[in-house]
Amino acid sequence: MLKVFLTSEYDTILARQKAQEITKLLGYDIHEQARIATAVSESVRILLGLACEGEVVFYVDRTSGQPMLGIRIKSNSMTNFNQMENSGKSNQFCMNYAELLMDKFQIEDMQGEGRAILLSKAFPKALQPMTEDKFNEVVKIINNKQPENPLDYMRQQNQEILNALVELKEKQEEINALNNELQETNKGVIALYNELEEKAEFLKQANEIKKSFLLNVSHEFKTPIHSILGMAGLLLDEVDGELSSEQAIQVEFIQNSGQELLEMVSDILDISKIEAGKITVYPAEIELGEIFTALRGMFKPINMKEDVNLVFELPENMPVLFTDKRKFSQILRNFISNALKFTERGEIRVFATLSENNKELTVHVSDTGIGIPEEEQELIFLDYIQVNNAIQKHVSGTGLGLPLSKKLAKLLNGSISLQSKLNAGSVFSITIPVIYNENNNCYFECGNTSCHDKSEIRRNKILVIDDDKSIHYLLQKTICCKDRSILEAINGSIGICYAIDEKPAIIILDLSMPELSGFEVLERLKSNSFTKDIPVIIMTSGIVEEYQYEKMKDKIIALFYKKDLSCKEGIKKLTGMINRYML
C-alpha cells in the first residue's frame, strides 16, 4: 500500500500519521486506529534508537489464510536481536506493549539485510472480504492525499523520490544481472555458431571432394572396363583363333565380371550426379507400349531360367506420357533385373494402371520370388545394402540399383512403393505423373489420348492466366457469353496445366505475375507440343519495351493493354480478336 522511509526522528511521527490515515480508510474504529498507530510508532522508535535508517511498509498480509493489515518496520542496521533485547528495560517494555496491541507481532533477523518487526491486524468486519478493488481504492486515496503544509509536502515528495530511487536501483541491478547473463550466453552461442559453421564448411568441402572423386574415378574406370569387355568379346568371337573350352569359360568369367563392374560404376556415377544436382530431366512424348516392347526384347535373352515366365501386359487406352524415357526405363530395368535374380520359379509380371483422376501412371513389377521380410523393406533402398538370403550368395549385385531407382523416381516427381512377404514374392511399383512438370507444384489432367490430340481445339474455351482476380471478373462480364466459358488461372503453373489439359481456343496472358512471369509462361507454352499451336494474346498493364516485343512478337497474335478495358472501343477490339479464333 505504502512505503515510508525512516531517515530521522521526525519520520516516527510521519509513520504514525500514515498508520492512522490508512487504518481510517480501511474502516477501523478510532480505538483500533490509535492502537495500531501506537504500535507502529513505538516499533519505529525502537529501531531508530539502534540504527540510523529504515523503512515502514504497509501491505496486505495473506500468510495466515485470512487477509490482514500487515506492517513491516525494517532497520538497515546489522545489529542482532540480543542488542535489541539488551538495549534497555524501556525498549523491552515497548516491544511487549506493541505485541499486546496487535494480533501478530514478530521479530525477524534477515540474513545480510538487517532486522525487521512484523505487525499484523485483522481487517474490520465491514471490510471483509478484502477485494482487489477495495485495496486499489485505498492505495489511490493514500497516494493522492496532499500534506497540510509546505514542509509536510516537501517531506512527502522526498519520500516519493526515495521510493522511486529504490525501485530504479533494484531495476538497474536486475538489468545488469540480465545483461551479464545475456553476455555470457551470447559468448557461448557465438562460440557454438562458429564451431558449427566450421564443421558445416568442413562437411561441405568433404562432400564436394567425395562427389568430385566419385565422378572423376567413375569416368576413369569406364574406359579400361570398356576395353576389357571389348577384348573379351573378341576372344569369345574367336577372331584370332579358337579357344579351348576351359579358356572360353575363363574369358566368360572375365566378361561377366567386367559387365558387373561397369554396371556398378554406372550406378555410382548416376547417384553422384543426382546428389551433385548435375543430372537433368529431358521430358518427351513417349508411348508406354514402346517401353514395354523394348524391355521385353532386352530381357528375353537374359532370362535363362526355364521355370520362370516373364510376362509383359501391354496396356490399352493409356495416355501418351510426357517424361524422361531413359530414366523411366532405367527404373523398370532395375525392377525386372532384381525380379529375375531372386525368382527361381513362377512368374514375373509387368503391368500398368492409371489413377482414377488420370493424373498418375503406376507400373508394377510383381514376382513369385523369395520376398523381403517386413523389417528389411526400408533398408533395401539404402546405398550398398543387400538382404541376406540363400540366393544372394549366387547372384551379383552392388546394392545400388534400388537406391538409384528411388532417386530417379523423385527426379521425375514420382515415388516407389513395395509390397512383399517372405517366401511369397514382391511387387515393386513406380508411380509418376502422366505429364512431367519441372516445378512439381501441380499435375496435369490427361483424360485420354484424344484429349491431347493437337488437332482437337475446344472452341468454347478461353484461358485467362492472370494473378489479378478483378481481371478475371471483368473478362467474365465483357467477353464471356452462353456459347463460351473462361478458365481462370491465377498463376503461370496452373495456366500451363489448363492449357495442356483443356486445349482452349485462345489464351489471354498477363506478363507480370509471381513465380513464373508471362514471358516464361509464353516460352513454355510455345516449346510444348501440346500447346504450341494455341493463339496467345498478351494483356498487360505495364509498358512493353521494344526489345521485349521483338522477342515475343512471333509467338503472339496481339498485344493488348489493360487500360483499354475501361472503354467500349477497347473491349470491342479485344472481342473482335477473340472471335476470329473462336469460330
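What counts and what doesn't
- Residue indices follow the written sequence of each chain, beginning from 1 at its first position.
- Note on the predicted model: pLDDT of at least 70 is required for a residue's local features to be given, and 80 or more for side-chain atom pairs to be given and counted; whole-chain, interface and lining totals, by contrast, use all residues.
- Only hydrogens and water are set aside; all other atoms, that is, all heavy atoms of the structure, feed into the side-chain values.
- Definition used in this section: a nonpolar core is a set of buried Ala, Val, Leu, Ile, Met, Phe, Trp, Tyr and Cys residues joined via side-chain atoms within 4.5 Å.
- Using a 1.4 Å probe on the protein chains alone, a residue whose accessible area is under 20% of its type maximum counts as buried, one over 50% counts as exposed, and one in between counts as partly exposed.
- Secondary structure elements follow DSSP: runs of H or I no shorter than four residues count as helices, runs of E no shorter than two count as strands, and numbering proceeds from the N terminus.
- Note on contacts: a residue pair qualifies if any of its non-hydrogen atoms lie within 4.5 Å across the two residues.
- Helices are assigned an expected span. That span is 1.5 Å times one less than the residue count.
- Here the arc refers to the set of directions running from the helix axis out to each C-beta atom.
- Patch building starts from residues that exceed 30% relative accessible area and form no salt bridge, then joins like charges within 9 Å and nonpolar side chains (Val, Leu, Ile, Met, Phe, Trp, Tyr) within 5 Å.
- Computed by Shrake-Rupley with a 1.4 Å probe, the accessible areas treat only the displayed protein chains as cover when residues are assessed.
- Put simply, a salt bridge is a Lys or Arg side-chain nitrogen that is within 4 Å of an Asp or Glu carboxyl oxygen.
- A fitted line through C-alpha atoms serves as each axis, taken over the contacting stretch for helices, and the angle formed by two N-to-C directions is quoted from 0 to 180°.
- Angle categories: roughly parallel below 35 degrees, roughly antiparallel above 145, roughly perpendicular from 65 to 115, and oblique for all the rest.
- In this scheme the crossing of two helices becomes right-handed for a clockwise turn of the near helix relative to the far one and left-handed for an anticlockwise turn of less than a right angle.
- Each residue gets one label: Ala, Val, Leu, Ile, Met, Phe, Trp, Tyr, Cys and Pro are nonpolar, Asp, Glu, Lys and Arg are charged, and the others, such as Gly, are polar.

Okay, the nonpolar core next. Membership of the largest hydrophobic core comes to 65 residues, with the highest contact counts inside it found for Leu-288, Phe-328, Ile-336, Val-363, Ile-430, Ile-507 and Leu-509. The element that contributes the greatest number of residues to this core is helix 9 (residues 325–341), accounting for seven residues. The residues touching Leu-288, leaving out its near neighbours within four places in the chain, are Pro-315, Met-318, Leu-321, Phe-328, Ala-352, Leu-361 and Val-363. Residues Met-1, Leu-69, Leu-101 and Val-139 belong to the second largest nonpolar core, which totals 34 residues.

Moving on, we get to helix 5 (residues 132–144). Taking 1.5 Å per residue as the helical rise, helix 5 with its 13 residues ought to reach 18 Å, and the 18 Å between its terminal C-alpha atoms agrees with that figure. Every buried residue belonging to helix 5 is among Val-138, Val-139 and Ile-142, and all of these are buried. For helix 5, the buried positions fall inside an angular range of 100° around the axis, keeping them on one side. Residues of helix 5 that are exposed and point over 90 degrees away from its buried face: Asp-133, Glu-137 and Lys-140. Looking at the buried side of helix 5, the elements it contacts are strand 1 (2–6) and helix 1 (10–25).

Taking 1.5 Å of rise per residue, the 12 residues of helix 8 (residues 288–299) would be expected to cover 16 Å, and the 17 Å separating its terminal C-alpha atoms lies within 8% of that figure. Among the residues of helix 8, Leu-288, Ile-291, Phe-292, Leu-295 and Phe-299 are the ones counted as buried. Down the axis of helix 8, the buried side of the element spans an arc of 95°, and every buried residue falls inside it. At its buried positions, helix 8 is contacted by strand 6 (284–286), strand 7 (308–312), strand 8 (321–323), helix 9, strand 9 (346–354) and strand 10 (360–367).

This part covers unusual backbone geometry. The phi angle at Asn-358 is positive, at roughly 60°, despite the residue not being glycine. Mapped onto the secondary structure, Asn-358 falls in the loop between strand 9 and strand 10. Overall, Asn-358 belongs to the partly exposed group, its relative accessible area being 22%. With a phi angle near 65°, Asn-423 is a residue other than glycine that sits in the positive phi range.

Together, Met-231, Leu-234 and Val-239 make up an exposed nonpolar region whose accessible area comes to about 300 Å². Overall, the relative accessible area of 43% leaves Leu-234 in the partly exposed class.

This next bit is on the pattern of salt bridges. Using the criterion set out here, one finds 16 salt bridges in the structure. We note a salt bridge from Glu-32 to Lys-121, for which the minimum N-O separation is 3.2 Å. With Glu-32 in helix 2 (residues 30–50) and Lys-121 in strand 5 (residues 114–122), this pair connects stretches of sequence that are 89 residues apart. Look at Lys-121 and you get buried, because its relative accessible area is 8%. In this structure, the salt-bridge partner of Arg-349 is Glu-347, at a minimum N-O distance of 2.8 Å. On the accessibility criterion, Arg-349 (23% relative accessible area) is partly exposed. Looking at Glu-347, the relative accessible area reads 27%, which means it is partly exposed. What emerges from the salt-bridge pattern is a single network uniting Glu-32, Arg-35, Asp-103 and Lys-121.

Below, the discussion takes up the environment of Gln-548. As for its placement among the helices and strands, Gln-548 is situated in helix 14 (residues 546–552). Not counting residues up to four positions away in its chain, the partners in contact with Gln-548 are Phe-519 and Ile-543.

Turning next to the packing of helix 9 against helix 10 (residues 401–411). As a packed pair, helix 9 and helix 10 sit with axes 9 Å apart at the nearest point and diverge in direction by 150°. Looking at the two axes, helix 9 sits roughly antiparallel to helix 10. Seen from above, helix 9 lies across helix 10 with left-handed handedness. On the side of helix 9, the interface is formed by Lys-327, Gln-330, Ile-331, Asn-334, Phe-335 and Asn-338, while helix 10 contributes Gly-401, Leu-402, Leu-404, Ser-405, Leu-408 and Ala-409. Within the contact of helix 9 with helix 10, the residues separate by chemical class into six nonpolar, five polar and one charged.

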